[in-house]
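Close look at the chain arrangement
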Amino acid sequence: MKKLVSIALSTIIAASILTGCGSAATETTDTTTAQTDTEQATEAEGSESAEAGTDENIEGTITMNGSTSMEKFANALNESFMLKYPGVQATVEFTGSGAGIEAVTNGTVDIGNSSRALTDEEKANGLVENVVAIDGIGIVVNPSTTVDDVTTDQLKEIYTGAITNWSELGGEDSQIVVIGREASSGTRGAFEEILGIEDQCKYAQEIDSTGAVMAKVASTPGAIGYVSIDIIDDTVKTLKLDGVEPTQETIKDGSYTLQRPFVMATKGEISQQSEAVQALFDYINSDEGQDIIAQVGLISAKQ
């Protein structure tokens, strides 16, 4: 009898040991599998992060100079671009389109910002016309002006001196003070070229920046000037041209005719530029870059 009990106890103990070993083996297998899965996921995640961050690891500098009309766009672009590419230092000066084109031609900057199309001579000097956006040129007057609309022909006559008093346009009896940009300005070049009045304008005062034109028109009764529409605010009054207001929609559909390109000129093709400069142009063409163009009131030049 004792022998039978001993055999039974031995059988139970052996079964318990086997069960325990099986459980331990299962736990070990499960733990190993879980660790392997975690490691694989971590490695894949790290690989994706490295791949996604490749472009953002670009380092270098970008120098720009040129159009004061492009100031709002250029500053917004640089700020956003450098957030994505912290290894790139992008700087920009605003000394006028002519100065910007001269600087990129001489190789003192990477990009020359111009608020007009490049001339054949400038292109012959190796410059490439990279149009990044389309801008409207707004006609602004002092807020006290009662005239709301002018025709293209009337605008030409105002700037060439054929019309000198607002009463000739149905407004108040006051002298029209004609404000314009300096000779090297891209805005002036585009304005006069579009209207076909190059070298015919009679300015009361020529001013060297877009912001200064706004300030002068705002503070001078009877004044009229032209500026990029993206910087117009309520300190001035904007005239319709041929009954059309300057908006993104009317510029895009062509019904507002006083419009010009925003050019970021390079010496040679974009593909010949530094890695940082190429990244900047890629960024402009990205969804983020196109959003910036829209946010500052410009029209995309992307087809």
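For the structure itself, consult the block above.
Residues numbered from 1 in each chain as written. Predicted model: local features only at pLDDT ≥ 70, side-chain atom pairs only at ≥ 80, totals over all residues. Heavy atoms only, no water.

1. Description of the layout of surface pockets
Where we set the bar: A cavity here means a set of 1 Å grid points, computed over protein atoms only, where a 1.4 Å probe fits but cannot escape. A pocket is an open set with protein on both sides within 12 Å along at least 5 of 7 lines, and lining residues have an atom within 4 Å of a point. Grid points are joined across faces, edges and corners, and a volume is the space filled by probe spheres set on the points. Numbered from the N terminus, helices here are DSSP runs of H or I no shorter than four residues, and strands are runs of E no shorter than two. Note that Gly is not counted as nonpolar here; it falls among the polar residues with everything else outside the nonpolar set of Ala, Val, Leu, Ile, Met, Phe, Trp, Tyr, Cys and Pro and the charged set of Asp, Glu, Lys and Arg.
Here the largest pocket is characterised by a volume of approximately 180 Å³. Surrounding the largest pocket, Gly98, Arg116, Ala183, Ser184, Ser185, Arg188, Gly189, Glu192, Glu193, Glu198 and Asp199 form its lining. Among the elements that make up the lining of the largest pocket, the one with the highest residue count is helix H6 (residues 186-195) (4 residues). In the lining of the largest pocket, the residues fall into 1 nonpolar, 4 polar and 6 charged. A volume near 150 Å³ is recorded for the second largest pocket. If you trace the second largest pocket, you find it lined by Arg116, Ala117, Leu118, Thr119, Gly189, Ala190, Glu193, Ile194, Gln259, Arg260 and Pro261. Elements that contribute at least two residues to the lining of the second largest pocket include exactly H6 and strand E12 (259-267). If one sorts the elements of the lining of the second largest pocket by residue count, H6 sits on top with 4 residues. Grouping the amino acids of the lining of the second largest pocket by side-chain chemistry returns 5 nonpolar, 3 polar and 3 charged.

2. Quick word on the side chain of Glu182
Let me state the cut-off plainly: A simple rule labels every residue: compare its accessible area, found with a 1.4 Å probe on the protein chains alone, to the largest value its type can have, and call it buried under 20%, exposed over 50%, or partly exposed in between.
Note on placement: Glu182 falls in the loop between strand E7 (177-181) and H6. When its relative accessible area of 15% is taken as the criterion, Glu182 is described as buried.

3. Topic: the side chain of Gln290
What counts, and what does not: In what follows, residue pairs with any heavy atoms lying within 4.5 Å of each other are defined as contacts.
You can see Gln290 is positioned in helix H10 (residues 287-295). According to the relative accessible area criterion, Gln290 is buried, its value standing at 17%. Discounting chain neighbours no more than four positions away, the residues touching Gln290 are Ile284, Asn285, Ser300 and Lys302.

4. Some words on helix H2 (residues 71-84)
For the record, the criterion: To estimate how far a helix should extend, the number of its residues minus one is multiplied by 1.5 Å. By definition, the arc is the one covered by directions from the helix axis to the C-beta atoms.
End to end, H2 covers 20 Å across 14 residues, agreeing with the expected 20 Å (1.5 Å per residue, within 8%). The set of residues buried in H2 consists of Phe73, Ala74, Leu77, Asn78 and Phe81. The buried residues of H2 all sit within an arc of 125° when viewed along its axis, so they share a single face. The outward face of H2, more than 90 degrees from its buried face, is lined by the exposed residues Glu79 and Leu83.

5. Some details on unusual backbone geometry
The backbone of Asp199 sits at a positive phi, close to 65°, despite the residue not being glycine. Its place among the elements puts Asp199 in the loop between H6 and strand E8 (205-207). On the basis of relative accessible area, Asp199 is assigned to the exposed category, the value being 78%. At Asp242, a position not held by glycine, the phi torsion is positive, near 55°. In this structure Asp242 comes out as partly exposed when scored by relative accessible area, which is 42%.

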